[in-house]
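Residues per chain, in single letters:
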Amino acid sequence: MKYLILAVFFPVLIQAQTPEISLTSGLVIRQSCTIKTGLYRLNGAVKDVFTDKPTMSAAQPVLSVEGENLTIDFNNAQLQGSNDRTQPDEFYGLAIRVTGKNITLRNLKVKGYKVGLWAEGSVNLRLENCDFSYNYRPRLHSGREHEDFSDWLSYHQNAQNEWLGYGAGIYLDSCQGATVKNCRITGCQNALLMNRCTDGLIYNNTFQFNSGLGIGLYRSSNNRLMHNKLDWNVRGYSHGFYARGQDSAALLLYEQSSNNLIAFNSCTHSGDGLFLWAGQTTMDSGKGGCNDNYIFGNDFSHSPTNGIEVTFSRNRIRGNLITECTNGIWGGYSYHSIIMGNLISNCRTGIAIEHGQNDTIQQNLFQDDSVGIQVWARDQQPADWGYAQSRDVRSRDHVIDRNVFLKTRNPLKISASENIRVNGENLFSGFSQLLQTPKPNVGLKFWRNEIYGTAAQVNRVWATPEIAKQENLNFSYPEKVPKNPYAPLETPVVGLNEPDSLPDGMLAALPAIGLRGREFIQMGEWGPYDFQRPIATFKADLTNGLLVYYILCPPGNWRINRTSRGLDFLSDTASTRPLELTLRLSNPPPDYMWVELEFRGDGPTVNELGQVIPAGTVQRFYIRAWLQKFKWVVNFHNYTDATHPLIHADAFAALLTSPPIASLSTDNLYYAWWENPATNVQSDHFATTSTTSFAIAPGNYTLSLTSDDGARLYLDDKLLIDHWDVHEPAVDSRTLRLGGKHTIRIEHFDGSGFSTLDFRIKPVD
């Protein structure tokens, strides 16, 4: 009878402990439970609390989780916000707020919010098997031929949660011991952001194809980031045109983030693979840094800028793969860092260290790089850097030991440096010029190295015996097979034991067979292309008006619709993916070219908003190009306090009607000015007027103006865009109907520092 009672009441007890509930807006969960499966369309608070010093108390989440020792199984239920909006840059609100201890959330899906989950002050939070994809991301304005400077990111400040203004799938604030495992975030700007977090374990996650960061740390230390897929977190790249990255990264470590283990991650095709900066505290005081992080066994390949950037700090970098980056490792102002056992290939510069001290570069393999190792010092430091005023910033005392340089054009470039030691049987083979010394060095030592090359190649190291004597250099040819450069060191490096992989850690590497390389970083207006839908992307501009495009798509069939404009020839080349399509512009060249294509997938595909398209569904996609050129005249004026545009408007207006001090003509109004823009024009406090007259076919058009600082655009002498203040690069757009002849006049002023002016026009289909 006793057992019968247990059998009868035991299910009731389980139900009481873990009830199944439905989600409603404003719900607060304070006990363990299971969520009823389903789609919950629940909008967040319309007011964006993430723009001005956001605080958790001001946030109005759709759902709150509070308490201790809770487990909530969401049972693959999906929270979907911003149901009254259609574009990712319009998404708003906070889906879930978490506070407490020992809380586990699993099997949750969140889509359509500015921030998916915000946890503050939580201890031992666990997020497992959750998907925070397709939340907020801004529209990108950079184009094929040139970038738009409004797309640049700045993560320098987060003391008051400024990063929340960029949106995030997951945002952890002051959390200790958090575990994020087997989660997925794609189609956002930022996947996971961590502010003042310690002792976290972030592993087996897939944070790919976001337009900002895969994982970002700010004042976060003693965390383990392992076995994560962090590929294609990128912006600011156009293959064959520019490679900027715009401060996107697979991994970001900022402002006193130290003693973190970063191991066994795939961080490819991202703006930087790893972007580490000591922080403004260090820049102002010279103290602290992002120090003693161990970066081991990761793939940082195919970054538009740096595979690894580690600046103003002390770190350990070992056993990483870095290929096809502008710089393999950029270590500006690094000190006492160990760079060991990395494979660095096909980079413009393998390792670049400006103003570093006491770094050890040991047992690395450089292959097919333009420059292997470059260390140097500039003539002077910025006057406003507290770091340079309080620290020794000479380039000095590096050890370059037991490295191998194969088919690296210029293995060593050492300039204005002190006591650099190139010793310990480095091996050089297949070089053009072994050592370049653009500026004199002091105490440069070069001995016991294996050099494979002709006497002429070796002699080109030093132009004259006097230079060789001055540099105190000597070398010898090998007389026998060189020693194994990876043999055990006579003096082992302390603190570089290989970290253990996690027992259940996944292999995060990219597939051995697949699309890999910078040419497959394809940017759209919402971020990087994710290979889940069809696109046409520009490949080459041939002679006689021929244009070649790649067709990238999942398995399926595509065809050309003969609906087009501005073309008189279309042909496709059937081959393995990617496929090629050749177009020829009509003669005379059109003002606007487009062609429509169709695709049917063999299986389901996913569009840019994360919506699943069933197999066999017809999907239309396009090739478009605006080709009409406007003839601009740009006049320059210097202004003073007496003619300041924000203080003395009448005097400034009169200044613009006076004869210019410089004038330029261009058919592309696209400028980025760091210094004086023209002869006799001062680098700060200058103004421009840009004018054009044009004829255009009737239709709807979007006019976009990027400015830094103030700008006004007049169409046919009527004010259309007015952004007349000092601001960072920003885009203002207007859509209207045009046709026939028109005039445009743009007035612009520079306040100080960087300045930009960029006008674009495109038809609205």
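What you see is a predicted model, and the numbers here were worked out from it, not measured in a lab.

Let's talk about the packing of aromatic side chains
In this description, a pair of aromatic rings is defined by centroid distance and the angle of the planes. Going through the model one piece at a time under the given rule, you end up with 40 aromatic pairs. With a centroid separation of 6.1 Å and 85° between ring planes, the pair formed by Trp-118 and Tyr-171 is classed as edge-to-face. In this pair, Trp-118 is assigned in strand β7 (residues 115-120) and Tyr-171 in strand β9 (residues 168-173), connecting sequence segments 53 residues apart. As far as burial versus exposure is concerned, Trp-118 and Tyr-171 are alike and both buried.

Thoughts on the sheet that holds strand β48 (residues 592-601)
Read across the open sheet, the three strands follow the order β45-β48-β51; overall the sheet is antiparallel. Strands at the two margins of the open sheet, each flanked by one partner only, are β45 (556-565) and β51 (618-626). Sheet twist, expressed as the average angle between the axes of neighbouring strands with direction ignored, equals 25°.

A few points about the pattern of salt bridges
Counted under the stated rule, the structure contains 33 salt bridges. Arg-106 serves as the salt-bridge partner of Glu-128, at 3.3 Å between the closest nitrogen and oxygen. On the criterion of sequence distance, the pair formed by Glu-128 in strand β8 (residues 126-128) and Arg-106 in strand β6 (residues 94-111) is long-range, its members being 22 residues apart. Across the salt bridge formed by Arg-396 and Asp-392, the nearest N and O atoms sit 2.8 Å from each other. Look at Arg-396 and you get buried, because its relative accessible area is 17%. Within the structure, one salt-bridge network assembled from shared partners comprises Asp-392, Arg-394, Arg-396, Asp-397 and Glu-418.

Focus: a nonpolar patch on the surface
A grouping of Leu-646, Ile-647 and Val-726 is seen on the molecular surface, where their side chains present a nonpolar patch of about 290 Å² in accessible area. Position of Ile-647 among the secondary structure elements: in the loop between β52 (632-638) and α6 (649-657).

Overview of the nonpolar core
By size, the foremost hydrophobic cluster in this structure holds 84 residues, and its most contacted members are Leu-79, Ile-96, Leu-105 and Leu-172. Among residues more than four places away in sequence, those in contact with Ile-96 are Pro-61, Leu-63, Val-65, Phe-74, Leu-79, Leu-105, Leu-108, Val-110, Gly-116, Leu-117 and Trp-118. In terms of nonpolar packing, the next biggest core, distinct from the first, is built from 28 residues, Phe-50, Ala-168, Trp-277 and Tyr-333 among them.

Some details on the confidence of the model for the protein
A low pLDDT means the predicted coordinates there should not be read in detail. Residues of the protein with pLDDT of at least 70 account for 90%, and the chain-wide mean is 89. Throughout residues 1-16 the model reports pLDDT below 50, and contacts reaching past four residues in sequence, or to other chains, amount to two contacts. Predicted confidence for residues 459-492 stays below pLDDT 50, and this span has 57 contacts to residues more than four positions away or in other chains.

Examining α6
Buried within α6 are the following residues: Phe-652, Leu-655 and Leu-656. End-on view of α6: buried residues confined to an arc of 95°, all on one side of the axis. Looking at α6, the residues exposed on the side facing more than 90 degrees away from the buried face are Asp-650 and Thr-657. Considering only its buried residues, α6 is in contact with β52, β55 (686-708) and β58 (730-749).

Some words on the pairing of strand β21 (residues 272-277)
Extensive coverage of β21 is indicated by the burial of six of its six residues. Across five bridges, strand β19 (residues 249-254) lies against β21 in parallel orientation. Residue pairing in the sheet places Leu-252 in a bridge with Phe-275 of β21. Here four bridges tie β21 to strand β23 (residues 306-311), and the two strands are oriented parallel to one another. Bridge pairing links Leu-274 to Ile-308 in β23.

Looking at the state of the cysteines
In the structure shown here, the tally under the stated rule is zero disulfides. Cys-290 carries a free sulfur, and the closest cysteine sulfur to it, the one in Cys-197, is 14 Å from it. Relative accessible area serves as the criterion here: at 0%, Cys-290 is assigned to the buried category. Free of any disulfide, Cys-325 has its nearest cysteine sulfur in Cys-347, 4.7 Å distant.

Some words on the sheet that holds strand β28 (residues 343-345)
Pairing is parallel across the open sheet formed by six strands, whose spatial order is β25-β28-β31-β34-β37-β40. Two strands close off the open sheet at either side, each with one partner strand: β25 (321-323) and β40 (450-452). Taking the axes of each pair of neighbouring strands and ignoring which way they run, one obtains an average angle of 10° across the sheet. As paired strands, strand β34 (residues 404-406) and strand β37 (residues 427-429) are joined by three bridges and run parallel to one another. When the sheet's bridge partners are listed, Leu-406 is paired in β37 with Ser-429.

Notes on unusual backbone geometry
Excluding glycine, residues mostly have negative phi values, and the peptide bonds linking residues are mostly trans. Going from Asn-587 to Pro-588, the amide bond is cis rather than trans, its omega being 5°. Checked against the element boundaries, Pro-588 lands in the loop between β47 (579-585) and β48. With omega at 10°, the peptide bond leading from Asp-708 into Asp-709 counts as cis. Relative to the assigned elements, Asp-709 resides in the loop between β55 and β56 (711-715). One non-glycine residue, Asp-292, lies in the positive phi region at around 60°. Mapping Asp-292 onto the fold places it in the loop between α2 (280-285) and β22 (294-296).

Thoughts on the side chain of Thr-311
Turning to its location among the elements, Thr-311 is positioned in strand β23. Look past the residues within four positions of Thr-311 in its chain and what remains in contact with it is Leu-276, Trp-277, Ala-278, Trp-330 and Gly-332.

Digging into the environment of Arg-85
You can see Arg-85 is positioned in the loop between β5 (63-80) and β6. The exposure class of Arg-85 is partly exposed, given its relative accessible area of 33%. Distance from Arg-85 to Arg-235, taken between C-alpha atoms, is 24 Å for residues 150 residues apart in sequence. Ignoring sequence-local partners within four residues, the contact set of Arg-85 consists of Val-46, Glu-90 and Tyr-92.

Basis of the calculations
- Residues numbered from 1 in each chain as written.
- Predicted model: local features only at pLDDT ≥ 70, side-chain atom pairs only at ≥ 80, totals over all residues.
- Heavy atoms only, no water.
- Phe/Tyr/Trp six-rings, centres within 6.5 Å; stacked < 30°, edge-to-face > 60°.
- Helix = DSSP H or I, 4+ residues; strand = E, 2+ residues; numbered from the N terminus.
- Buried < 20%, exposed > 50% of the residue type's maximum accessible area, 1.4 Å probe, protein only.
- Pairing = 2+ DSSP bridges.
- Axes fitted to C-alpha atoms, helices over the stretch in contact; angles between N-to-C directions.
- Salt bridge = Lys/Arg side-chain N within 4 Å of Asp/Glu carboxyl O.
- Patch = residues over 30% accessible without salt bridge, like charges linked within 9 Å, V, L, I, M, F, W, Y side chains within 5 Å.
- Areas by Shrake-Rupley, 256 points an atom, 1.4 Å probe, with all protein chains shown as cover.
- Core = buried A, V, L, I, M, F, W, Y, C linked by side-chain atoms within 4.5 Å.
- Contact = heavy atoms within 4.5 Å.
- pLDDT = per-residue confidence, 0-100.
- Arc of directions from axis to C-beta.
- Disulfide = S-S within 2.5 Å.

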